[in-house]
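Chain by chain, the residues run as shown.
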Amino acid sequence: MFSKFRYATAIGLLLMAVQAWADVRLPKVFGSHMVLQRQKTVPVWGWSDPGEKVTVQFNNQTKTVKADKSGKWLVRLEPLEAGGPFVMTVRGKKNTVTFDDVLVGEVWVCSGQSNMEWPVSASANAAQEIQQANYPLIRHFKVPHDLSLTPKDDILGGEWQACTPENAGKFTAVGYFFARELQKEFPNVPIGLLNTSWGGTQSESWTSREAMESFDEFKPALATMPKNLDDVANQRIEQLRAQITKLQGGLPDAAEIKQWSSADLNDGNWPTLRLPDLFDRKAVPNFDGVVWFRREITLPDDLAGKEMKLSLGQIDDKDETYVNGVKVGSTDQHNAERHYTLPTGTLKPGRNVIVVRVEDTGGGGGFTAREDQFQLAGNGKIISLVGDWKFRVADFNRTVALSNPNLTGTILYNSMINPLIPYAMQGVIWYQGETNAGRAYQYRKTFPLMINDWRKRWGQGDFPFLFVQLASFNAANGNSANGSTWAELREAQTQTLALPHTGMAVTSDIGESQDIHPKNKQDVGKRLAVNALKTVYGLDRVASGPVLKSMEISGNKAVLTFDNVGSGLTTTDKYGYLKGFEVAGADHKFHWAKAEIQGDKVVVYASEVATPVSVHYGWADDNGEVNLYNKEGLPAVPFRTDTWKGITEAATFK
């Protein structure tokens, strides 16, 4: 009889022997509850022993293939019609892989930055939306964040989930509302959402190295691209040390940090930052780590000792909040609004100190609240907390290369796109551009470059690529007078419509001036969906709002003609006034203009301009006042009629 030790040793040797055999395996994007694309050839692929025979069975189809010398195998299922649930079985010499509850329908890749990643749980009317999210034919897969300087063959993990009230809160909101609209038209067709997105990311990170090498303007950046992420991390750590030393003379020790929540701390030598704002946008670019913020307020005697509510809006990513040295709350979700009740007796007459410890775990970091969310309220009074706060860095993330998706180009394509190819899908919905706004002019080339890159590598031809134009947001008070990076980025997006099978959802009217993450994702999904229903599925729909066609000058008036007027031009203003139009003469000075709808034309004029040369519409970072629509309810595309030099023409990716 074996002793316990000898028995354990034997079992261990047996497990080692089993592990030495290569089981048949598939990429992690394949799994139970997945959706496969209908009416297209469906690639199924994976790995096994070299030369091993692998058999795939699915919905009355059986395909057998022999793995190549590297152990890679691929079969292609014949086109399938919508339906399910089915079972997929993959058999090799040593094991069988089975996936249950597999549906066949429409698969859409959802990608971009935070406004695509934004979950249903943080969107408008979230509680009701989640409660009503009972759509078992809608399935969602979230690709985990990952970075790589070389193409990967698999993602880190993930699972397909059916849309239920228990799961829907974590779905991409734009993707979910898009899928819900499609379900209304095709109630028996499953919809799969393959969500590969990451907040705060640039388009260059989503582009393959080969595509970047084909673009001359990227060559200087490619020449200095690091060979491995460790080199990037070490270089960035040294840069951060230098920045922090210049800012505050170095990092504090633990004993010093322990005093920072105290109301009695002397913070006179701390630097200041106007809040609410993103710390890593203004103070230390691309910073990830821990920063403490302090603010003194003077409280009227009649509010002292009273229960009040401290509101700080959303904080990216985690916070611990103190008032007069007492911890009043903490939250570890970046998309949750902070509302902390201050118990009776917490506040004192006169001087009070609010302290917030913020931990930025990756991507953007800091306060993303609107100014009207940043306040202390109670007893019928409101004290605004907008203004200068003292701040100090406590520590920074030493694994910066593993958390910053914008360190260099290609690193998201390699890890979050390449492993998904060639999973069969219908098309892509994309919401991104905020991070590229400073390089808007170059985006005219780099955005189409990325789209063509994905199309080439997926091997499905010019598949539909539908994207969201940037919403209104007061990024930097940009306008016609001082230039607007966001307006120039929107123009670059509009020009990308020259590519075949593209479409754009205009969202200027549903943004939020003080919040880069507008909560109304329902209308975003609807506008993408109506585009898909027309351009992809062939239904009779007006898919776009009015688009400028031409301009004629008649005396002191500019007469604008539009395409995509649908059943006619209209405005949301009950008196018929159009907003957002500006006109300039040869001096390039723009003046707010009067604009009138006359049939299918808009006539624009300003008393200060005798001979109009250019018209702008919605040309500002925050262009939410625009109100020209077609009668189908779709907003006009912002535009300018001139080609005068913009403020981003010299900015390039580095």
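A brief report on the enclosed structure follows. (Residues numbered from 1 in each chain as written. Predicted model: local features only at pLDDT ≥ 70, side-chain atom pairs only at ≥ 80, totals over all residues. Heavy atoms only, no water.)

**Regarding the packing of helix 4 (residues 173-185) against helix 13 (residues 522-535)**
Keep this limit in mind: Comment: axis = line fitted to C-alpha atoms, over the contacting stretch for helices; angle = value between 0 and 180 degrees taken between N-to-C directions. Secondary structure follows DSSP: runs of H or I at least 4 residues long count as helices, runs of E at least 2 residues long count as strands, and numbering of each begins at the N terminus. Any angle that falls under 35 degrees is termed roughly parallel, while one over 145 is termed roughly antiparallel, one within 65 to 115 roughly perpendicular, and all others oblique. The handedness criterion is simple: a crossing whose near helix is rotated anticlockwise from the far helix by less than a right angle is left-handed, and one whose near helix is rotated clockwise is right-handed. Contacts between residues were defined by any pair of non-hydrogen atoms, one from each residue, lying within 4.5 Å. Here the term charged refers only to Asp, Glu, Lys and Arg, the term nonpolar to Ala, Val, Leu, Ile, Met, Phe, Trp, Tyr, Cys and Pro, and the term polar to all other amino acids, Gly among them.
The geometry of helix 4 relative to helix 13 is characterised by a closest axis approach of 7 Å and an angle of 50 degrees between their N-to-C directions. Considering the angle they form, helix 4 stands oblique to helix 13. In the crossing of helix 4 with helix 13, the sense of the turn from one axis to the other is right-handed. Packed against helix 4, whose contacting residues are Val 174, Phe 177, Phe 178, Arg 180, Glu 181, Leu 182 and Glu 185, the element helix 13 presents Gln 522, Val 524, Gly 525, Lys 526, Leu 528, Ala 529, Ala 532 and Leu 533 at the interface. Residues of the contact of helix 4 with helix 13, tallied by class, amount to nine nonpolar, two polar and four charged.

**Details of the packing of aromatic side chains**
Condition: Paired rings are identified among Phe, Tyr and Trp, the last through its six-membered ring, by centres lying within 6.5 Å, and are further divided according to the angle between planes into stacked (under 30 degrees), edge-to-face (over 60) and tilted (the rest). Three exposure classes are used, based on accessible area relative to the maximum for each residue type with a 1.4 Å probe and protein chains only: buried under 20%, partly exposed in between, and exposed over 50%.
Within this structure, the stated rule accounts for 39 aromatic pairs. Residues Phe 30 and Trp 45 carry aromatic rings whose centres are separated by 5.1 Å and whose planes lie at 85 degrees to one another, so their mutual orientation is edge-to-face. Linking Phe 30 in the loop between helix 1 (4-20) and strand 1 (35-37) with Trp 45 in strand 2 (residues 42-47), this pair joins segments that are 15 residues apart in sequence. Each member of the pair Phe 30 and Trp 45 is classed as buried. On the numbers, 4.5 Å between centres and 35 degrees between planes, the contact of Phe 581 with Tyr 617 is tilted. With Phe 581 in strand 28 (residues 581-584) and Tyr 617 in strand 32 (residues 614-617), this pair connects stretches of sequence that are 36 residues apart. Look at Phe 581 and you get buried, because its relative accessible area is 1%.

**Focus: the pairing of strand 26 (residues 557-563)**
To keep things clear, this is the line we draw: Each pair of strands is called paired provided DSSP finds at least two bridges between the two strands.
Where strand 25 (residues 547-554) meets strand 26, seven bridges bridge the pair, whose relative direction is antiparallel. Note that in strand 26 the partner of Leu 548 across the bridge is Phe 562. Where strand 25 hands over to strand 26, the hairpin turn is made up of two residues, of which Gly 555 adopts a positive phi near 65 degrees. Where strand 26 and strand 31 (residues 601-605) come together, five bridges link them in antiparallel fashion. Paired with Thr 561 across the bridge in strand 31 is Lys 601.

**Quick notes on the sheet that holds strand 25**
The strand order 25-26-31-30 describes an open sheet built from four strands, whose pairing is antiparallel. Every other strand in the sheet has two partners, leaving strand 25 and strand 30 (594-598) as the edge strands with one partner each. Strand-to-strand twist of the sheet, defined as the mean angle between neighbouring strand axes without regard to direction, takes the value 25 degrees. With five bridges joining them, strand 30 and strand 31 adopt antiparallel strand pairing. Looking at strand 31, one finds that Glu 596 is bridged to Val 603.

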